Amino acid sequence: MRRAPRPTRRLLVGVLAGAAGTAAMTTTGRLYREVYARRRGKAPSEITEILDYDDSDHVVIAASTLLRGVTGRAPESPGARRALFWLVHWGYGSAVGAAHAELRHRLGEPAAGIAFFVGCQTMALSLFPVLGDTPVPWRWTPRLMTVSVLQHVVYAAGVAAADHALARRAPAAPGAGTR
């Protein structure tokens, strides 16, 4: 029977899995934007409507709200706001992956994957209205709600797959017993 990796290793594996899930979500978001634009005869850069709150200025609004509360300042220039978006997108997406690794350790699969998805979707539906100046979820358009759910399915599945693959490669913790 395989021994459990140390908590520090599990945390690192989870963060790496979170980065993989973020990459998957970023890729599908970009593809969706391209298809959406093409169907309207536009370039992706010409689309001004929000296609997904996770890929919009609402991420920056939420992060800026927190920054203002902590430091009294938030970025104002377009370049600084874009940098904040990418920092939050990759940093938050990667860090949250650690939760899946811990859930997998405690619950096993598929319970960990399901709990992780539900947690991620709940955070999206609550953090954006509270910090990101979006409407409450029951006022989101059906398209925005569908995209949010599908994007979080992609993220959670990407995190779970990467976590599983990375954890299988993790060496056993020295001195750890089997369960």
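Keep in mind the model is a prediction, meaning the values are calculated, not measured.

A.B. asks: Tell me about the packing of helix 3 (residues 78–107) against helix 4 (residues 111–131), residues and numbers included.
C.D. replies: Where helix 3 meets helix 4, the axes come as close as 8 Å, and the angle between the chain directions of the two elements is 145 degrees. Note on packing geometry: the crossing formed by helix 3 with helix 4 is right-handed. Facing Y92, V96, G97, A99, H100, L103, R104 and L107 of helix 3, the residues of helix 4 in contact are A111, A112, G113, A115, F116, C120, M123 and L127. Per-class residue counts for the contact of helix 3 with helix 4 are 12 nonpolar, 3 polar and 1 charged.

A.B. asks: I'd like a rundown of a positive patch on the surface, residues and numbers included.
C.D. replies: Taken together, R38, R39, R40 and K42 make up a surface patch of like positive charges. As for its position among the elements, R38 is in helix 1 (residues 7–39). Among the residues examined, R38 registers a relative accessible area of 60% and is labelled exposed.

A.B. asks: Please give an account of unusual backbone geometry that cites residues and values.
C.D. replies: Note the cis peptide between E109 and P110, where omega equals 5 degrees. One can find P110 in the loop between helix 3 and helix 4.

A.B. asks: So what's going on with the pattern of salt bridges? Residues and values would help.
C.D. replies: Under the counting rule described, the total for this entry stands at 5 salt bridges. Here R106 and E102 are joined by a salt bridge, their closest N and O atoms 2.6 Å apart. Taken together, the residues R106 and E102, both in helix 3 and 4 residues apart, mark about one turn of the helix. Taking the relative accessible area as the measure of exposure, R106 reaches 64% and is therefore exposed.

Rules of the game
Along each chain, residues carry numbers from 1 onward, in the same order as the chain's sequence is written. Per-residue local features are limited, in this predicted model, to residues with pLDDT of at least 70; the limit for side-chain atom pairs, both in listing and counting, is 80 or more; totals at the level of whole chains, interfaces and linings are taken over all residues. In computing side-chain properties, one takes all heavy atoms of the structure into account and sets aside hydrogens as well as water. For helices, the fitted line uses only the C-alpha atoms of the stretch in contact; every axis is such a line through C-alpha atoms, and the angle between N-to-C directions lies from 0 to 180 degrees. Helix and strand labels come from DSSP, where a helix needs a run of H or I of at least four residues and a strand needs a run of E of at least two; each type is numbered from the N terminus. For any helix crossing, the convention is left-handed if the near helix is rotated counterclockwise from the far helix by under a right angle, and right-handed if that rotation is clockwise. Two residues form a contact once any of their heavy atoms are found within 4.5 Å. Classes in brief: Ala, Val, Leu, Ile, Met, Phe, Trp, Tyr, Cys and Pro nonpolar; Asp, Glu, Lys and Arg charged; the others, Gly included, polar. By definition, no residue in a patch forms a salt bridge, and every one has over 30% relative accessible area; like charges are joined within 9 Å, nonpolar side chains (Val, Leu, Ile, Met, Phe, Trp, Tyr) within 5 Å. Under the convention used here, a 1.4 Å probe and the Shrake-Rupley method define accessible areas, while residue burial counts only the protein chains that appear. We count a salt bridge whenever a side-chain nitrogen from Lys or Arg sits within 4 Å of a carboxyl oxygen from Asp or Glu. Only four residue types enter the tally: Lys and Arg on the positive side, Asp and Glu on the negative side; His and the chain ends are excluded. Charge placement uses NZ in Lys and CZ in Arg. For Asp and Glu, CG and CD serve respectively. Using a 1.4 Å probe on the protein chains alone, a residue whose accessible area is under 20% of its type maximum counts as buried, one over 50% counts as exposed, and one in between counts as partly exposed.

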